[in-house]
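Here's the letter readout for the chains.
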Amino acid sequence: MKKLMLTALAVVSFISVKAQDGETAGFAKGDIFISGAVGYNSSTFGDNKDNTFTIAPRAGYFVSENIAVGARIGFTSRSMEDVGSADFDTNTFNIGAFGRYYFTPSSKFSVFGEFGLDYLSRNEDNGTTDLDSNGFSVGGGPGVSYFIGNNFALEAFWGALRYNTLKADVSGAESQDDFEFGVNLDDITLGLVYKF
């Protein structure tokens, strides 16, 4: 499956970033940042098509020199088309909180570890059945940030560890539990960070 990350915003920002007097790259206690990622996957096999779009904005605040806490939301839409058969659409919404520990926050380049908790709401529609599910997700992993200017940084995060549980909103339904740990390049997200 091909993975296409939309990085046009990062490229435009990289070209237009200008240094501001009196400011330095890196993070410090009291800094506020916003970031996010946008992703698009598309694959075809014969007449079958699978398209996924994701948007995931977040905001954080440095409560100390090395620790940032924040909130995030996300939306993922997946559409699977099968010529001659039913189409299948899945929409997932998440909202949650995260914490990060930055090892060298005041530097242009820093490695961090992140842990987060999210509420999940999913809708699945195959044309004849419309099913809603709710649950939660916990997970974490390593990431890196690199300042390309005083206020802008590029960020890469690898969601290496994740546990999800979802339960359909129907009587007698059992929860679907998933645990992931591994080196999957599909779990890498790229984003742009703006520091206030």
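Residues numbered from 1 in each chain as written. Predicted model: local features only at pLDDT ≥ 70, side-chain atom pairs only at ≥ 80, totals over all residues. Heavy atoms only, no water.

Enquirer: What am I meant to see in the side chain of D118 here?
Expert: Take D118: it is sitting in strand β6 (residues 109–125). D118 sits in the buried class, given a relative accessible area of 8%. A polar side-chain atom of D118 sits 2.7 Å from a polar atom in the side chain of R72. Polar contacts involving the side chain of D118 include one to the main-chain amide nitrogen of G96, which spans 3.3 Å. (Helix = DSSP H or I, 4+ residues; strand = E, 2+ residues; numbered from the N terminus. Buried < 20%, exposed > 50% of the residue type's maximum accessible area, 1.4 Å probe, protein only. Polar contact = N/O pair within 3.5 Å; in protein donor to acceptor, adjacent residues only side chain to side chain.)

Enquirer: Sorry, what's going on with the environment of V144 here?
Expert: Looking at where V144 falls in the secondary structure, it is placed in strand β7 (residues 130–147). Taking the C-alpha atoms as reference points, V144 and F103, 41 residues apart in sequence, are found 10.0 Å from one another. In this view, V144 contacts F109, S110, V111, F112, L154, E155 and A156; residues no more than four positions away in its chain are not counted. (Contact = heavy atoms within 4.5 Å.)

Enquirer: Which parts of the structure should I look at to understand the packing of aromatic side chains?
Expert: Aromatic ring pairs: the centre-centre distance and the angle between the two ring planes describe each pair. Throughout the structure, instances matching the rule amount to twelve aromatic pairs. Here the aromatic rings of F27 and F62 are separated by 4.7 Å at their centres, their planes lie at 25°, and the arrangement is stacked. Within this pair, whereas F27 is found in the loop between α1 (8–16) and β2 (32–45), its partner F62 is found in strand β3 (residues 48–62), the two being separated by 35 residues in sequence. Among the aromatic side chains, those forming a connected cluster through ring pairs are F27, F33, F62, Y102, F112, F147 and F157. Its end group placed over the ring of F98, R58 keeps NZ or CZ at 4.7 Å from the ring centre. (Phe/Tyr/Trp six-rings, centres within 6.5 Å; stacked < 30°, edge-to-face > 60°. Lys NZ or Arg CZ within 6 Å of the ring centre and 35° of its normal.)

Enquirer: What is the right way to read the confidence of the model for the chain from this model?
Expert: Low pLDDT marks stretches whose predicted atomic positions should not be read closely. The pLDDT averaged across the chain works out to 83; a share of 84% of its residues lies at or above 70. The model gives residues 1–22 a pLDDT under 50, and that stretch makes 33 contacts with residues more than four places away or in other chains. (pLDDT = per-residue confidence, 0-100.)

Enquirer: Quick question: what am I supposed to make of the pairing of strand β10 (residues 175–181) here?
Expert: Each regular strand carries side chains that alternate between the two faces of the sheet. Pairing geometry for strand β9 (residues 161–168) and β10, over seven bridges, is antiparallel. Among the inter-strand pairings, Y163 is bridged to a residue of β10, identified as F179. (Pairing = 2+ DSSP bridges.)

Enquirer: Whenever I open this one, the environment of D169 confuses me. Can you help?
Expert: The topology assignment puts D169 in the loop between β9 and β10. Here the alpha-carbon distance between D169 and N134, two residues 35 residues apart in the chain, equals 7.4 Å. A polar contact is formed between the side chain of D169 and the side chain of N134, at a distance of 2.9 Å.

Enquirer: Sorry if this is basic, but what is going on with a negative patch on the surface here?
Expert: Among the surface-exposed residues, D47, E81, D82, D87 and D89 lie close enough to one another that they form a single negatively charged patch. Here D87 lies in the loop between β4 (67–82) and β5 (88–102). (Patch = residues over 30% accessible without salt bridge, like charges linked within 9 Å, V, L, I, M, F, W, Y side chains within 5 Å. Areas by Shrake-Rupley, 256 points an atom, 1.4 Å probe, with all protein chains shown as cover. Salt bridge = Lys/Arg side-chain N within 4 Å of Asp/Glu carboxyl O. Lys, Arg positive; Asp, Glu negative; His and termini not counted. Charge placed at Lys NZ, Arg CZ, Asp CG, Glu CD.)

Enquirer: Any chance you could explain the pairing of β5 here in plain terms?
Expert: Relative to β5, β4 is paired through 14 bridges, and the arrangement is antiparallel. When the bridges of β5 are listed, S77 appears paired with N91. Bridge count between β5 and β6: 14 bridges; the pairing is antiparallel. Paired with Y101 across the two strands is G113, which belongs to β6.

Enquirer: Would you explain the nonpolar core in this entry?
Expert: Side chains that are nonpolar tend, in soluble globular proteins, to be buried together. Listed in full, the twelve residues of the largest apolar core are A25, F27, F33, F62, A68, F98, Y102, F112, F147, A153, F157 and V193. In contact with F62, other than residues within four places in its own chain, are F27, A28, K29, G30, D31, F33, I67, A68, Y102 and P105. (Core = buried A, V, L, I, M, F, W, Y, C linked by side-chain atoms within 4.5 Å.)

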